[in-house]
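# Understanding the architecture of this molecule
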Amino acid sequence: SGPYHEQLLDVLGAYASYRPDVGYVQGMSFLTAVLLLNMDPADAFILLSNLLHQPCQRAFFRMDADMMFVYFDVFNLFFEEALPPLFNFFTHIQLTPDLYLIGWVFTLFSKSLPLDVVSRIWDVYFRDGDSFLFAAALGILRMYMPQLLHMEF
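Residues numbered from 1 in each chain as written. Predicted model: local features only at pLDDT ≥ 70, side-chain atom pairs only at ≥ 80, totals over all residues. Heavy atoms only, no water.

Looking only at helices and strands, one finds nine helices and zero strands in the chain. Going from N to C terminus, the chain has its helices and strands arranged as α-α-α-α-α-α-α-α-α. Projected onto its principal axes, the C-alpha coordinates of the chain cover approximately 45 × 30 × 30 Å. When each of the 153 residues of the chain is scored for burial, the buried share is 40%. Accessible area for the chain stands at about 8,800 Å²; split by element, carbon and sulfur atoms hold 59% of it. Here the chain contributes 7 positive and 16 negative side-chain charges, whose respective centroids are spaced 3 Å apart. (Helix = DSSP H or I, 4+ residues; strand = E, 2+ residues; numbered from the N terminus. Buried < 20%, exposed > 50% of the residue type's maximum accessible area, 1.4 Å probe, protein only. Areas by Shrake-Rupley, 256 points an atom, 1.4 Å probe, with all protein chains shown as cover. Lys, Arg positive; Asp, Glu negative; His and termini not counted. Charge placed at Lys NZ, Arg CZ, Asp CG, Glu CD.)

Our focus in this paragraph is the packing of helix 5 (residues 65-82) against helix 6 (residues 84-92). It is the contact of helix 5 with helix 6, at a shortest axis distance of 5 Å, that shows an interaxial angle of 125 degrees. Viewed along their axes, helix 5 and helix 6 adopt a mutual orientation that is oblique. From helix 5, N76, F79, E80, E81 and A82 reach across to helix 6, where they touch P84, L86, F87 and F90. (Axes fitted to C-alpha atoms, helices over the stretch in contact; angles between N-to-C directions. Parallel < 35°, antiparallel > 145°, perpendicular 65-115°, else oblique. Contact = heavy atoms within 4.5 Å.)

Turning our attention to the side chain of Q57. By the element assignment, Q57 lies in helix 4 (residues 55-61). What Q57 contacts, discounting residues up to four positions off in sequence, is L31, L51, L52, V105, F106, L108, Y125 and L133.

Here the focus is a nonpolar patch on the surface. Where nonpolar side chains cluster on the molecular surface, the patch consists of M67, V70, V74 and F78 and spans about 330 Å² of accessible area. Residue class for V74 comes out partly exposed when judged on its relative accessible area of 38%. (Patch = residues over 30% accessible without salt bridge, like charges linked within 9 Å, V, L, I, M, F, W, Y side chains within 5 Å. Salt bridge = Lys/Arg side-chain N within 4 Å of Asp/Glu carboxyl O.)

Bringing helix 1 (residues 5-18) into the picture now. Spacing of three or four residues puts side chains on the same side of an α-helix, whose turn is 3.6 residues. Helix length check: helix 1 (14 residues) gives 20 Å between terminal C-alpha atoms against 20 Å at 1.5 Å per residue, within 8%. Every buried residue of helix 1 is listed here: L8, V11, L12 and Y15. One face of helix 1 carries all of its buried residues, which in axial projection span an arc of 95 degrees. Set apart from the buried face of helix 1 by more than 90 degrees, the exposed residues are E6, D10 and S17. (Expected span 1.5 Å × (residues − 1). Arc of directions from axis to C-beta.)

Turning our attention to the packing of helix 1 against helix 3 (residues 41-51). When two helices pack together, their arrangement is given by the angle between the helix axes and by the axis-to-axis distance. Axis separation between helix 1 and helix 3 bottoms out at 10 Å; the angle between their running directions is 40 degrees. Judged on the interaxial angle alone, helix 3 and helix 1 are oblique. The two elements helix 1 and helix 3 cross, and the hand of that crossing is right-handed. The residues of helix 3 that touch helix 1, namely those facing Q7, V11, A14, Y15 and Y18, are P41, A44, F45, L48 and S49. In terms of residue class, the contact of helix 1 with helix 3 is built from eight nonpolar, two polar and no charged. (Left-handed = near helix turned anticlockwise from the far one by under 90°. Nonpolar A, V, L, I, M, F, W, Y, C, P; charged D, E, K, R; others polar.)

Turning our eyes to something else, we now look at the side chain of R19. Relative to the elements of secondary structure, R19 occurs in the loop between helix 1 and helix 2 (28-36). A relative accessible area of 16% places R19 in the buried class. Apart from residues lying up to four places away in sequence, R19 is in contact with H53 and R62.

Here is the structure:
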């Protein structure tokens, strides 16, 4: 119950009413919170609605497993090409994209990264679209690759 709590509930409630086929899905609160830091609730609702209508977000928030796995498979192709040592390591330990990528996609990184970094990712995402989510994910993996390759799972 912080300063934006009521506005957050209002926007999420309005969205759940507007799209009962989607309702509320965990992760929406992170998206909405970032929006409310930058705009009034009415504009946050409009942007949230448009954001969740993008192909990748729509597949994830509607829990369309077939489409989600298409995105995971495409990500894996880019992952294998861009970061072969880490891809091979993840494959060896059976760490699949659905175990880490889903949280990044649901929240557009807003749960995992500092707000200033999230803002930069969102700026480019709004300009370039869904493909940038996967480029950002690969960037994060590249940045942490030395540590990840030496971790024991």
